[in-house]
Amino acid sequence: YLTEFSKRTSSEEIIGYLERIRDLKILVIGEAIIDEYQYGQSIGKAAKESIIALRYLKTEKFAGGTLAIVNHLANFCDNVSLFTFLGDRDSQEDFISKNINKKVNRLFHYKKDSPTIVKRRFLEEAPLRKLLEFYIFNDSELDQEQTPELKQHLEKILPDYDLVIVADFGHGMLNKELINVIVNKSTFLAVTTQTNAGNMGYNVISKYSRTNYICTDERELRLECLDKNSELIDLIPLVSQKISCEKIIATQGSQGCITFSSGRVNILPAFTESVIDTMGAGDALLSLTAPLVALDVPMEAVGFVGNAVGAMYVKVIGNKEPIDKVSLYKYISALLT
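Here is what the cut-offs are and how they apply
- Residues numbered from 1 in each chain as written.
- Predicted model: local features only at pLDDT ≥ 70, side-chain atom pairs only at ≥ 80, totals over all residues.
- Heavy atoms only, no water.
- Buried < 20%, exposed > 50% of the residue type's maximum accessible area, 1.4 Å probe, protein only.
- Helix = DSSP H or I, 4+ residues; strand = E, 2+ residues; numbered from the N terminus.
- Contact = heavy atoms within 4.5 Å.
- Patch = residues over 30% accessible without salt bridge, like charges linked within 9 Å, V, L, I, M, F, W, Y side chains within 5 Å.
- Areas by Shrake-Rupley, 256 points an atom, 1.4 Å probe, with all protein chains shown as cover.
- Salt bridge = Lys/Arg side-chain N within 4 Å of Asp/Glu carboxyl O.
- Phe/Tyr/Trp six-rings, centres within 6.5 Å; stacked < 30°, edge-to-face > 60°.
- Pairing = 2+ DSSP bridges.
- Axes fitted to C-alpha atoms, helices over the stretch in contact; angles between N-to-C directions.
- Arc of directions from axis to C-beta.
- Right-handed = clockwise from strand over helix to strand, strands pointing away.
- Polar contact = N/O pair within 3.5 Å; in protein donor to acceptor, adjacent residues only side chain to side chain.

Section: helix α6 (residues 176-185)
Leu178, Ile179, Val181, Ile182 and Val183 are the residues of α6 that are buried. Where the residues of α6 are buried, they touch β1 (25-30), α5 (147-157), β8 (163-168) and β9 (189-193).

So, the environment of Ser97
Within the secondary structure, Ser97 sits in helix α4 (residues 93-99). The exposure class assigned to Ser97 is partly exposed, which follows from its relative accessible area of 32%. The spacing of Ser97 and Ile214 is 117 residues in sequence and 29 Å in space, taken between C-alpha atoms.

Quick look at a nonpolar patch on the surface
On the surface, Ile52, Leu54, Leu131, Leu132 and Phe134 cluster together into a nonpolar patch covering about 440 Å² of accessible area. Elements with a minimum of two residues in the nonpolar patch: β3 (52-65) and β7 (129-136). If one sorts the elements of the nonpolar patch by residue count, β7 sits on top with three residues. Mapped onto the fold, Leu54 is located in strand β3.

Points about the packing of aromatic side chains
The tally for this structure, following the rule as stated, stands at eight aromatic pairs. Geometrically, the ring pair formed by Phe5 and Phe304 is stacked, given 4.9 Å between the ring centres and 20° between the ring planes. Of this pair, Phe5 sits in helix α1 (residues 2-8) while Phe304 sits in helix α10 (residues 299-313), placing them 299 residues apart in sequence. With a relative accessible area of 1%, Phe5 lands in the buried category.

Quick word on the sheet that holds strand β12 (residues 257-261)
Read from one edge to the other, the open sheet built from nine strands follows the order β5-β4-β1-β8-β9-β10-β11-β12-β13, with strand pairing classed as mixed. With one partner strand each, in any of the chains shown, β5 (105-115) and β13 (264-268) form the two edges of the open sheet. The average undirected angle you get between the axes of adjacent strands in this sheet is 15°. Sitting on the sheet, helix α7 (residues 218-225) touches β9, β10 (213-217) and β11 (247-251), and the angle it makes with β10 is about 105°.

Considering helix α2 (residues 11-19)
Among the residues of α2, those classed as buried are Ser11, Ile14, Ile15, Tyr17 and Leu18. When α2 is viewed along its axis, its buried side chains cluster within an angular range of 150° and face the same direction. Close packing links the buried residues of α2 with α1, α9 (281-294), α10 and α11 (325-335).

Brief notes about the pairing of β8
Of all six residues making up β8, six are buried, and the element is well covered by its neighbours. Burial along β8 is two-sided: the face carrying Leu163, Ile165 and Ala167 and the face carrying Val164, Val166 and Asp168 are both buried. Sheet topology places β1 next to β8; five bridges connect them, and they run parallel. When the sheet's bridge partners are listed, Val28 is paired in β8 with Ile165. Traced from β8 through α6 to β9, the parallel crossover comes out right-handed.

Focus: the environment of Tyr331
For Tyr331, the location among the structural elements is in helix α11. For Tyr331, a relative accessible area of 21% corresponds to the partly exposed category. Between the C-alpha atoms of Tyr331 and Ala308, which are 23 residues apart in sequence, the distance is 7.5 Å. Contacts of Tyr331, omitting those with residues within four sequence positions, involve Phe271, Ala308, Ala311 and Met312. Among the polar contacts made by the side chain of Tyr331, one reaches the main-chain carbonyl oxygen of Phe271 at a distance of 3.5 Å.

In structure tokens, the structure reads:
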């Protein structure tokens, strides 16, 4: 695939597309999430319980969710803003302030009677295996008393941005009223609705009646279509028609991704077989493909960048560090040489 793609598109052309992101004005909307990894070493089964016992080793915390997305973008774009919810208790604001790029314009609101979302994962360190996950959150829908405040803020700022990226993790921040404002006021709208253990089956892309770009994975797209057996390539046009969205990327993990644009489909393979941790790879892919779609870059080139970003990020533990521009450019050049 790379041999054939390199005959049509050079690394200089791809890097040129990425350089154009710098001048965009981008707003990211969605939940802030702290990803916490607690590492241990297995010492066997507990003597009197059916549980695995581990010796505690260390804890790491990462800026996840929309915090990770703006960190990726800030390495490529000079004007990035974040509209997000923190908790009015256990806000983690000091940690967040220290762990998101200083260039990011922070538009923080505070959800009543809630902590900032923490997803605490317990892992065996070597080899890296996730064993258990705690969600520390209040996933009730946004308080109606707070809705007018957020709605008014969004109505005021949305028209000022070239690109609005919504990362909807389905934990109660974005209700119907806010979604309607986002859909109606955004100049160019890119959306992902993540399916996770906290919202399984309730957080599908059709919550959004219109969007210019959808970034999804196979499971999320199949949930939208209520179809687990049909070929994915046949389901994508159905979602495109349902939501009036001409451009879609559907990721398939180790199988790569499929790009869709106005009826045209490209199937791209994954660029690596070496995987350390898949967490955050989809958000990294979204963060750099959305601006390229907004710039009307050909979708196969967008998918190529997305797969390159994904291949780099599955070798990073958690959201420990954002995608580095120089490293990405060198990787793109290597792939196409």
